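# Structural description and commentary
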Amino acid sequence: MSTLIYCKTPIAATPYYIEEVSLNVYSLEELSYFILNNVYLLSTKFMNTELCNWIGRELKLPNLSKELHQMVQNNSPLHIFVGHILSANGFASNKEIKDALAIISTFENKSEAERRKLRADRLMAGGKLVDAIYEYETLLSEEVSSTMPRTVEGDVYHNLGCAFAKLFFFEEACRSFDEGYKRNQKKQTLYQLLYSARCAKDKAAFDEYVNKYQVPRADVEEVLQIVSRATVKEDIVGFDSSINDMLYGGNGQEATEIINNVIQNWKNEYIRLCRI
């Protein structure tokens, strides 16, 4: 564990090993922490007699163990099983429990690949781009990807491309969008492919993709206009103006302060996006 967890329930002499993440947990609080932070990794395999036995034997919680055993035997829904574990100690708040169970109930009947994609999408939505990239690439490299419909696999490549583009890795983004469009044939993915090639200032690649996918001229013009509009945003224009003031006269000190502030804000945002 990478954080300090205060445990009110007994600490196990022998840990419970969670194979999916190669993790040992020693208490009900640690188990709850794992659940709350890895809801998209949970599957019906988590609901097993070994875990029930460990809770009764190592944590000295026979009543909880008996309840969980009964759920396993009755093939109860996964979110009900997990809810009993989270409610058996004070680690998670009622809202955290409710949110976790709501998420589990939406995917517990989905395939492993679909769950992994949901997890990666959630990381991306939360701005954890490096983690999202790792999840998408892992998903695409594993055997589970072979069970995904071709369109879904294309969407995974699309999202991977978006994560790369947000970190200004435009060449990697182009490769991802290219693979995505081959599979999902979605106009949005094609546009993102062209955006990335244009942002990379790779005219040869841009023209290659246009010819490769026979992109209509009207669509090409729309892409060029969108990229052009993106380069005249207020902070970019202000930064450019400050550079000119510093180089060609005007209030050099004020221009320098503006430049430093803009650069620092961009650095802070990039560091935030790269956090793990």
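A brief report on the enclosed structure follows. All values derive from a computational prediction rather than experimental measurement. (Residues numbered from 1 in each chain as written. Predicted model: local features only at pLDDT ≥ 70, side-chain atom pairs only at ≥ 80, totals over all residues. Heavy atoms only, no water.)

Before going further, it helps to examine the overall build of the protein. From N to C terminus, the protein includes 14 helices and two strands. Contacts in the protein between residues far apart in sequence, at least 24 positions, make up 55% of those at least 6 positions apart. Only carbon and sulfur atoms are counted for the fraction: they give 51% of the accessible area of the protein, which is about 15,700 Å². (Helix = DSSP H or I, 4+ residues; strand = E, 2+ residues; numbered from the N terminus. Contact = heavy atoms within 4.5 Å. Areas by Shrake-Rupley, 256 points an atom, 1.4 Å probe, with all protein chains shown as cover.)

Mapping Asn-75 onto the fold places it in the loop between helix H3 (62–73) and helix H4 (78–87). On the accessibility criterion, Asn-75 (66% relative accessible area) is exposed. Residues Asn-75 and Met-47 lie 28 residues apart in sequence; the distance between their C-alpha atoms is 9.0 Å. (Buried < 20%, exposed > 50% of the residue type's maximum accessible area, 1.4 Å probe, protein only.)

One can find Asn-38 in the loop between helix H1 (28–37) and helix H2 (49–57). Overall, Asn-38 belongs to the buried group, its relative accessible area being 14%. Considered as a pair, Asn-38 and Ala-100 are 62 residues apart in the sequence and their alpha carbons are 9.5 Å apart. Within the structure, Asn-38 has its side chain in polar contact with the backbone oxygen of Phe-34 (distance 2.9 Å). (Polar contact = N/O pair within 3.5 Å; in protein donor to acceptor, adjacent residues only side chain to side chain.)

The end-to-end C-alpha distance of helix H5 (residues 94–107) is 21 Å, a good match for the 20 Å that 14 residues give at a rise of 1.5 Å each. Among all positions in H5, only Ile-97, Ala-100, Leu-101, Ile-103, Ile-104 and Phe-107 are buried. Burial along H5 is one-sided: seen end-on, the buried residues are contained in an arc of 160°. Pointing more than 90 degrees away from the buried face of H5 are the exposed residues Asn-94, Lys-95, Lys-98 and Thr-106. (Expected span 1.5 Å × (residues − 1). Arc of directions from axis to C-beta.)

Relative to the helices and strands, Arg-183 is located in helix H9 (residues 170–184). Here Arg-183 falls in the buried class, since its relative accessible area comes to 17%. With residues up to four places along the chain from it excluded, the contact list for Arg-183 reads Arg-150, Thr-151, Glu-153, Gly-154 and Tyr-157.

We now examine H3. The terminal C-alpha atoms of H3, which comprises twelve residues, lie 16 Å apart, in line with the 16 Å expected from a rise of 1.5 Å per residue. Of all the positions in H3, only Leu-64, Ser-65, Leu-68, His-69, Met-71 and Val-72 are classed as buried. Buried residues of H3 fall within an arc of 160° about the axis and therefore sit on the same side. Residues of H3 that are exposed and point over 90 degrees away from its buried face: Pro-62, Asn-63, Lys-66 and Gln-73. Looking at the buried side of H3, the elements it contacts are H1, H2 and H4. Count one or two residues on from H3 and you reach Asn-75, which has phi positive near 55°.

Moving on, we get to the packing of helix H10 (residues 187–199) against helix H11 (residues 203–212). Packing of H10 against H11 leaves a shortest axis separation of 8 Å and a crossing angle of 160°. When the axes of H10 and H11 are compared, the pair comes out roughly antiparallel. You can see that H10 and H11 cross each other, and the crossing is left-handed. Contact residues: H10 offers Leu-193, Leu-194, Ala-197 and Arg-198, while H11 offers Ala-205, Phe-206, Tyr-209 and Val-210. When the residues that make up the contact of H10 with H11 are grouped by side-chain class, the tally is seven nonpolar, no polar and one charged. (Axes fitted to C-alpha atoms, helices over the stretch in contact; angles between N-to-C directions. Parallel < 35°, antiparallel > 145°, perpendicular 65-115°, else oblique. Left-handed = near helix turned anticlockwise from the far one by under 90°. Nonpolar A, V, L, I, M, F, W, Y, C, P; charged D, E, K, R; others polar.)

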